[in-house]
Amino acid sequence: MCIRDSGFTVSSTLQYLQWSVTSLVVRSGVFAYPPITIQLPNGNKLNKTITFNLTTNSWDLLPNPANIFSGYASTNFTLGTSTKVAKGQYILLLNYQETPSDSKYFASLPVLSVEVTRSRLTIPQPSDQTVAIGAYSAPVNFDLSTMIPTGDLRITPVLPGVNVYFTVFPSYLNFTRNKTTGFFMFVCSPTAIVGEKNAITFSLSGTNAGAYSVSSIPLILTVGPDTGESSVPPSLSLAVDGNDQGKVNFRLLNFQLSDVTSGIAYYMIYINGTSSPYTLDQVIDAVTNFTQYDKDSIEQYQFGMAIVYRGSNQVLISNLKASKTYCLNAWVVSQYQQRSFMQSLVFFQTGNGGTMIRVNFTFNETAGYPNDNTRQSLLCSLVQIFSAPYRNIRTYHGDYCGSQQFFFGASNESESSAIYYPNGVKKLSLIHISEPTRQAEISYAVFCLKKKKN
């Protein structure tokens, strides 16, 4: 049986794309892991965009569609099936499209052999904990990022029927292709007896529950002694231990927690001056809802949490842009829900040795100020001309080929959808676009649009 949207072509003149693997094993109801790669031969880079997708209802890509953008040599994605797909051998043929489509440069992908199994994946069991009387547990984490469901999956904790010493929130966690992590918190009753235990099991439900199993060994929560910290707020100080290669390693110093208890550090980091600090409740909400890092945002928000103990605790944050000043805000919440005051740290992220070239476009007054579509055309044309990653060529205000927001000054031009080729361009002096030397795209070519007065 074939999963196919297009035929396979053979040509002596077209270039052939390549798979990183020749065969793939997929569990029914789960996206395959690790992701697979489609790449250009010999490490070449595109000066156009290739889009791959599937329209078969029972099969899916993550992401769908998958793209190799101009300036890149490959794309990563994973393949999954619904729980209704039968066990067996399949052949995958992806539908693909080249943009611009004025000339065909690539032949169809080679076929990929796919084996579908119906074996269940076992969700990792969380570690046992001792929780002080009246205190909160450390987060009981579930991470399905290497076993993402193609549909919906719910995990629900099941408490014992008698002698229950703990309550739990939330009452369940939902997982989808877009939400792959979550955690429970257990609260020990103030009337619990030290040394008593509760065995917690977990049940599965949802359309993809049949693709998973949970361990038969329960999570054991043990009642610990009151440490006397229920009214003592934790203290916190911050220090940067290193900030290079797109990362910062910072140190949390905590002196109010005892040797046997832990706390949770919540933090937010953003480019200094682009935002007002969030409150702790807002940061907790962002962490609980797993707010994703948006590499194209002006603020460059990142939110996170870490379990901390008395003394020095290291936390590493990645995806930082070069030559930017960041603000880091952090709090510690003890197991008794006592909160520290917010501590802030401002630091400068080192440069990456990249080169930024600015290109000015000047337009005659008779031509008018370019509208949004024209600016997009200029950006996308530069991306194609230089085969550069599309996020590396931006306007002064951060717009890039494919972005939807523009921050230019207001103008009265009509927003025509026609391609506009401006005249009066004085000079195009873009000589070199440096490759980024870090994971995040942090080297840019910037261009400015000016209106020339006659």
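What counts and what doesn't
Residues numbered from 1 in each chain as written. Predicted model: local features only at pLDDT ≥ 70, side-chain atom pairs only at ≥ 80, totals over all residues. Heavy atoms only, no water. Helix = DSSP H or I, 4+ residues; strand = E, 2+ residues; numbered from the N terminus. Contact = heavy atoms within 4.5 Å. Salt bridge = Lys/Arg side-chain N within 4 Å of Asp/Glu carboxyl O. Buried < 20%, exposed > 50% of the residue type's maximum accessible area, 1.4 Å probe, protein only. Pairing = 2+ DSSP bridges. Polar contact = N/O pair within 3.5 Å; in protein donor to acceptor, adjacent residues only side chain to side chain. Arc of directions from axis to C-beta. Axes fitted to C-alpha atoms, helices over the stretch in contact; angles between N-to-C directions. Core = buried A, V, L, I, M, F, W, Y, C linked by side-chain atoms within 4.5 Å. Expected span 1.5 Å × (residues − 1). pLDDT = per-residue confidence, 0-100.

(A) Inspection of the environment of Ala-132 at higher detail. Of note, Ala-132 is situated in strand E13 (residues 129–132). For the pair Ala-132 and Thr-261, spaced 129 residues apart in the sequence, the C-alpha separation amounts to 8.0 Å. Contacts of Ala-132, omitting those with residues within four sequence positions, involve Cys-188, Gly-224, Pro-225 and Tyr-336.

(B) Main features of the pattern of salt bridges. As enumerated under the stated definition, the model contains 3 salt bridges in all. The residue Asp-60 makes a salt bridge to Arg-177 at a minimum N-O spacing of 2.2 Å. Taken as a pair, Asp-60 in strand E6 (residues 59–62) and Arg-177 in the loop between strand E17 (173–175) and strand E18 (181–188) lie far apart in primary sequence, 117 residues in all. Relative accessible area serves as the criterion here: at 23%, Arg-177 is assigned to the partly exposed category. A salt bridge links Asp-241 to Arg-251, with the nearest nitrogen and oxygen atoms 2.8 Å apart. In this pair, Asp-241 sits in strand E22 (residues 237–244) while Arg-251 sits in strand E23 (residues 247–254), placing the two residues 10 residues apart along the sequence.

(C) Layout of the pairing of strand E5 (residues 49–53). Most of E5 sits inside the fold, with 4 of its 5 residues counted as buried. Pairing geometry for E5 and strand E10 (residues 95–99), over 5 bridges, is antiparallel. The residue of E10 that forms the bridge with Ile-50 is Glu-98.

(D) Looking closely at the side chain of Ser-340. In this structure, Ser-340 sits in the loop between strand E27 (325–334) and strand E28 (343–348). Of note is the side chain of Ser-340, whose polar atom sits 2.9 Å from the backbone nitrogen of Val-332. Other than its neighbours up to four places away in sequence, Ser-340 contacts Pro-234, Leu-236, Trp-331 and Val-332.

(E) Region of interest: the environment of Thr-150. When you line up the elements, Thr-150 lands in the loop between strand E14 (140–143) and strand E15 (153–158). Put simply, Thr-150 and Thr-207 are 57 residues apart on the chain and 9.3 Å apart in space, counted from C-alpha to C-alpha. What Thr-150 contacts, discounting residues up to four positions off in sequence, is Gly-29, Val-30, Phe-31, Gly-80, Thr-81, Ser-82 and Asn-208. A distance of 2.8 Å separates the side chain of Thr-150 from the backbone oxygen of Thr-81, its partner in a polar contact.

(F) Broad picture of helix H1 (residues 280–288). Every buried residue of H1 is accounted for by Leu-280, Val-283, Ile-284, Ala-286 and Val-287. Looking straight down H1, one finds its buried side chains confined to an arc of 160°; they lie on one side. Where H1 is buried, its residues contact strand E24 (263–271), strand E25 (302–308) and E27. After H1 finishes, the residue Phe-290 shows a positive phi value of roughly 50°.

(G) The sheet that holds E13, seen in detail. Judged by pairing direction, the sheet is mixed, and its 5 strands sit side by side in the order E13-E21-E19-E15-E17 without closing on themselves. Looking at strand neighbours, the two that pair on one side only are E13 and E17, the edges of this open sheet. Mean inter-strand twist for the sheet, computed between neighbouring axes without regard to direction, equals 30°. In the sheet, E15 pairs with strand E19 (residues 197–205) via 5 bridges, with the strands oriented antiparallel. Directly across from Pro-157, in E19, lies its bridge partner Phe-202.

(H) Here's a closer look at the nonpolar core. Counting 30 residues, the largest nonpolar core has Ile-123, Phe-142, Phe-166, Phe-184, Phe-186 and Tyr-212 as the members making the most contacts within it. The set of elements that each furnish at least two residues to this core consists of strand E12 (121–123), E13, E14, E15, E17, E18, E19 and strand E21 (219–224). In this view, Phe-166 contacts Val-131, Leu-159, Phe-186, Val-187, Cys-188, Asn-198, Leu-221, Thr-222 and Val-223; residues no more than four positions away in its chain are not counted.

(I) Fine view of helix H2 (residues 372–386). Taking 1.5 Å as the rise per residue, H2 with 15 residues should run 21 Å; its terminal C-alpha atoms sit 22 Å apart, in good agreement. Inspection of H2 places Thr-374, Arg-375, Gln-376, Ser-377, Leu-378, Leu-379, Cys-380, Leu-382 and Val-383 among the buried residues, and these make up the whole buried set. Just downstream of H2 lies Ser-387, where phi reads positive at about 50°.

(J) Looking closely at the side chain of Thr-222. Secondary-structure assignment places Thr-222 in strand E21. Side-chain polar atoms of Thr-222 contact the side chain of Lys-197, separated by 3.0 Å. Residue contacts for Thr-222: discarding those within four places in its chain leaves Gln-129, Thr-130, Val-131, Phe-166, Gly-195, Glu-196 and Lys-197.

(K) Seen up close, the sheet that holds E10. Read across the open sheet, the 3 strands follow the order E7-E5-E10; overall the sheet is antiparallel. At either end of the open sheet lies a strand with only one pairing partner, and these are strand E7 (66–68) and E10. Strand-to-strand, the axes of this sheet are offset by a mean angle of 20°, without reference to chain direction.

(L) Highlighting the environment of Thr-350. Along the polypeptide, Thr-350 turns up in the loop between E28 and strand E29 (357–364). Sequence separation of Thr-350 and Lys-247 is 103 residues, and the distance between their C-alpha atoms is 9.6 Å.

(M) Structural context of the confidence of the model for the protein chain. With 82% of its residues at a pLDDT of 70 or more, the protein chain has an overall mean of 79. Segment residues 1–11 is flagged for pLDDT under 50; beyond a separation of four residues in sequence, or across chains, it makes 30 contacts in the model. pLDDT under 50 marks residues 449–454. Its contacts with residues more than four places away, or in other chains, come to 22 contacts.

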